[in-house]
Amino acid sequence: MVNLLSACPTNGLKNHPVDLPVEMNIFLHFRSCSRDYGGIMSALGSDSWWKKTLYITGGALLAAAAYLLHELLAIRKEQELDSKDAIILHQFSRPKNGVPSLSPFCLKIETYLRMVDLPYQNYFDGKLSPQGKMPWMEYNHEQVSGSEFIVDFLEEKLGVNLNKNLTPQEIAVSRAVTKMVEEHLYWTIAYCQWVDNLEETQKLLAMSGPLSDTLKWLLGHLNGSMVRREMYGHGIGRFSKEEVYTLMEKDMRTLATLLGDKKYFMGSKMSTLDATVFGHLAQAMWTLPGTRPEQLIKGELINLAMFCERMRRRFWPEWFVEVEDLYYDGDSESSNDGSPTGLLDFGLFSRTDTLDDSDTSGQSAGHTHTHSPDSDRSLFDSDVGTGSDNDIHLKEELMPDLEV
């Protein structure tokens, strides 16, 4: 080893061995040179000293990084109890207002998994798939990204199929509507979330700590910029704000007409289309207070709101909302608070208890449900209006006999 003691004159140090460890040489060097400014300046000018210092510092940083990586992997290993035959769903963190996800595609896939009653493990790690997609899933070390390919994979590997009762014509209609929702309506809702209503949306991001507001602002604006850029590339972002909302309204009216007074979009039976539409309409229903989408879905297009509420009660029993969230009264002040109070219990059921979707079944989890003879509407569907005495009735009663 090179002895740094040669960098300055020494007093009583010439008996020290030349090949001491680097750390000891540095210590002895500075002790001997503490009264010799010229010696210190000489040492600082030594290339050998700087290199060794950088090596030591770099090694310490690498060791710290390796330790942190080990701890993160250990935490993940503890969370993953058994990855064999387990569906691991990677998605964004839960927002603060109780809605499962601000991403329509994440909400679609998680709702789909509940609809087919497949157990899964959530990973809110923010890690994108190799294709840069979210959500994505792992199953026995196979990775699948893209909501359409995830559904195809689950149907092929695990034999689930929500569309098995649909005719070929209904399957074709379902795919066409899915593309309208995911390739067109999606961008108008994203515009409302991340461009026109950015300040309110970024408040819902799940971040805490002293820098949470700064991080929310940064992430919100980064996402907003990305949405603007991708909307422009898509083509829909080249229109004015009013034109974007006009396109959104046309899509929502199309969905309302298709749904009509049916229980689900393809009739009395669930289909994959219901998970798709729910994932997107839930954003308008519960994440955009006072906006054009909310006014439409909770006002004139109330059948879409009832569809969202029906899906929420059936497949998300842990997700509570206020009665005021079921309609729009023109006052959005009360819904801007991310921590609602006075949440009501709607008599929600677990998804396992409500898997029987038979029209002839009048009992479910101990509750009696009544259908009108000519349609699949429940009493809840027909009792809710857009601004009459029914609104008062909603606020005053808990309505334990809601149709699921």
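Predicted, not measured: the structure shown is a model, and the values here were computed from it.

### Comments concerning the overall build of the protein chain
1) Next: In terms of helices and strands, the protein chain carries 14 helices and six strands.
2) Next: For the protein chain, contacts bridging at least 24 residues in sequence account for 70% of all contacts bridging at least 6.
3) Next: Here the protein chain displays about 21,200 Å² of accessible surface, and carbon together with sulfur accounts for 56% of that area.

### Some remarks on the environment of F124
1) Next: Structurally, F124 can be placed in the loop between β2 (120-123) and β3 (136-139).
2) Next: The partly exposed category is assigned to F124, whose relative accessible area is 36%.
3) Next: For F124 and P135, which are 11 residues apart along the polypeptide, the C-alpha to C-alpha distance reads 10.0 Å.
4) Next: The residues touching F124, leaving out its near neighbours within four places in the chain, are Q91, F92, S93 and R94.

### Here we look at the confidence of the model for the protein chain
1) Next: Predicted confidence across the protein chain gives a mean pLDDT of 73, with 59% of residues reaching 70 or more.
2) Next: In this model, residues 1-44 is a region of pLDDT below 50 whose contacts with residues beyond four sequence positions or in other chains number 47 contacts.
3) Next: Contacts from residues 332-404, a stretch scored under 50 in pLDDT, to residues over four places away or in other chains number 129 contacts.

### Observations regarding the pairing of strand β4 (residues 142-145)
1) Next: Pairing between β3 and β4: four bridges, direction antiparallel. Bridging across to β4, E138 finds its partner in Q143.
2) Next: The turn joining β3 and β4, which pair antiparallel and follow one another in sequence, is formed by two residues; a positive phi near 50° is taken by N140.

### Side note on the pairing of strand β1 (residues 87-90)
1) Next: Of the two faces of β1, the one holding I87 and L89 and the one holding I88 and H90 are both buried throughout.
2) Next: When β1 meets β2, the two strands line up parallel, connected through four bridges. Note on β2: the bridge partner recorded for I87 is Y120.
3) Next: For the crossover that starts at β1, traverses helix α4 (residues 104-115) and ends in the parallel β2, the hand is right-handed.
4) Next: Examined bridge by bridge, β1 and β3 share four bridges and lie antiparallel to one another. Across the sheet, residue L89 finds its bridge partner in β3, namely M137.

### A word on the packing of helix α6 (residues 168-196) against helix α10 (residues 272-286)
1) Next: Packing of α6 against α10 brings their axes to within 10 Å, and their N-to-C directions diverge by 15°. Overall, the two elements α6 and α10 adopt an arrangement that is roughly parallel. When the axes of α6 and α10 are compared, the crossing they make is left-handed. Between α6 and α10, the contacting residues are S174, V177, T178, V181, E182, L185, Y186, I189 and Q193 on the first element and L273, T276, V277, H280, L281, Q283 and A284 on the second.
2) Next: Of the residues that constitute the contact of α6 with α10, the class distribution is nine nonpolar, six polar and one charged.

### Details of the sheet that holds β4
1) Next: Read across the open sheet, the four strands follow the order β2-β1-β3-β4; overall the sheet is mixed. Since the sheet does not close on itself, it has two edges, and those belong to β2 and β4, each with one partner. Between one strand axis and the next, the sheet turns by 25° as a mean value, whatever way the strands run.
2) Next: Strands in contact with helix α5 (residues 147-158) are β1, β3 and β4; relative to β4, the strand with the most contacts, it is inclined by about 135°.

### Structural notes on unusual backbone geometry
1) Next: In this chain, M134 is followed by P135 through a cis amide linkage whose omega measures 10°.
2) Next: Its identity is not glycine, yet D117 carries a phi of approximately 60°, on the positive side.
3) Next: Topologically, D117 is positioned in the loop between α4 and β2.
4) Next: Here the phi dihedral of N140 falls at roughly 50°; this positive angle occurs in a residue that is not glycine.

### Some thoughts on the packing of aromatic side chains
1) Next: Inspection of every chain in the model, using the stated rule, returns eight aromatic pairs.
2) Next: Every member of this aromatic cluster is reached through a ring pair, and the members are F278, W286, W316 and W319.
3) Next: In this structure, R114 packs its charged tip against the face of W316, placed 3.6 Å from the ring centre.
4) Next: Residue placement shows R238 over the ring face of Y232; its charged tip is 4.0 Å from the ring centre.

### Brief notes about the pattern of salt bridges
1) Next: In this structure the tally under the stated criterion is 16 salt bridges.
2) Next: Of the charged contacts in the structure, one is a salt bridge between K179 and E148, with a shortest N-O distance of 3.3 Å. Of this pair, K179 sits in helix α6 while E148 sits in helix α5; the two residues are 31 residues apart in sequence, bridging distant segments of the chain.
3) Next: For K179, a relative accessible area of 24% puts it in the partly exposed group.
4) Next: One continuous salt-bridge network, built from bridges that share partners, spans K108, E148, R175, K179 and E182.

### Topic: α10
1) Next: An ideal rise of 1.5 Å per residue puts 21 Å on 15 residues; α10 measures up with 21 Å between its terminal C-alpha atoms.
2) Next: Where α10 bends most, at H280, the angle is about 30°.
3) Next: With respect to burial, α10 is a largely interior element, 15 of its 15 residues being buried.

### As for the side chain of Q283
1) Next: Here Q283 is to be found in helix α10.
2) Next: Polar side-chain contacts of Q283 include one of 3.1 Å to the backbone oxygen of S101.
3) Next: Apart from the residues lying within four places of it in its own chain, the contact partners of Q283 are S101, L102, S103, P104, L107, I189, Q193 and L288.

What counts, and at which threshold
Residues numbered from 1 in each chain as written. Predicted model: local features only at pLDDT ≥ 70, side-chain atom pairs only at ≥ 80, totals over all residues. Heavy atoms only, no water. Helix = DSSP H or I, 4+ residues; strand = E, 2+ residues; numbered from the N terminus. Contact = heavy atoms within 4.5 Å. Areas by Shrake-Rupley, 256 points an atom, 1.4 Å probe, with all protein chains shown as cover. Buried < 20%, exposed > 50% of the residue type's maximum accessible area, 1.4 Å probe, protein only. pLDDT = per-residue confidence, 0-100. Pairing = 2+ DSSP bridges. Right-handed = clockwise from strand over helix to strand, strands pointing away. Axes fitted to C-alpha atoms, helices over the stretch in contact; angles between N-to-C directions. Parallel < 35°, antiparallel > 145°, perpendicular 65-115°, else oblique. Left-handed = near helix turned anticlockwise from the far one by under 90°. Nonpolar A, V, L, I, M, F, W, Y, C, P; charged D, E, K, R; others polar. Phe/Tyr/Trp six-rings, centres within 6.5 Å; stacked < 30°, edge-to-face > 60°. Lys NZ or Arg CZ within 6 Å of the ring centre and 35° of its normal. Salt bridge = Lys/Arg side-chain N within 4 Å of Asp/Glu carboxyl O. Expected span 1.5 Å × (residues − 1). Bend = angle between axes of the 7 residues up to and from the residue. Polar contact = N/O pair within 3.5 Å; in protein donor to acceptor, adjacent residues only side chain to side chain.

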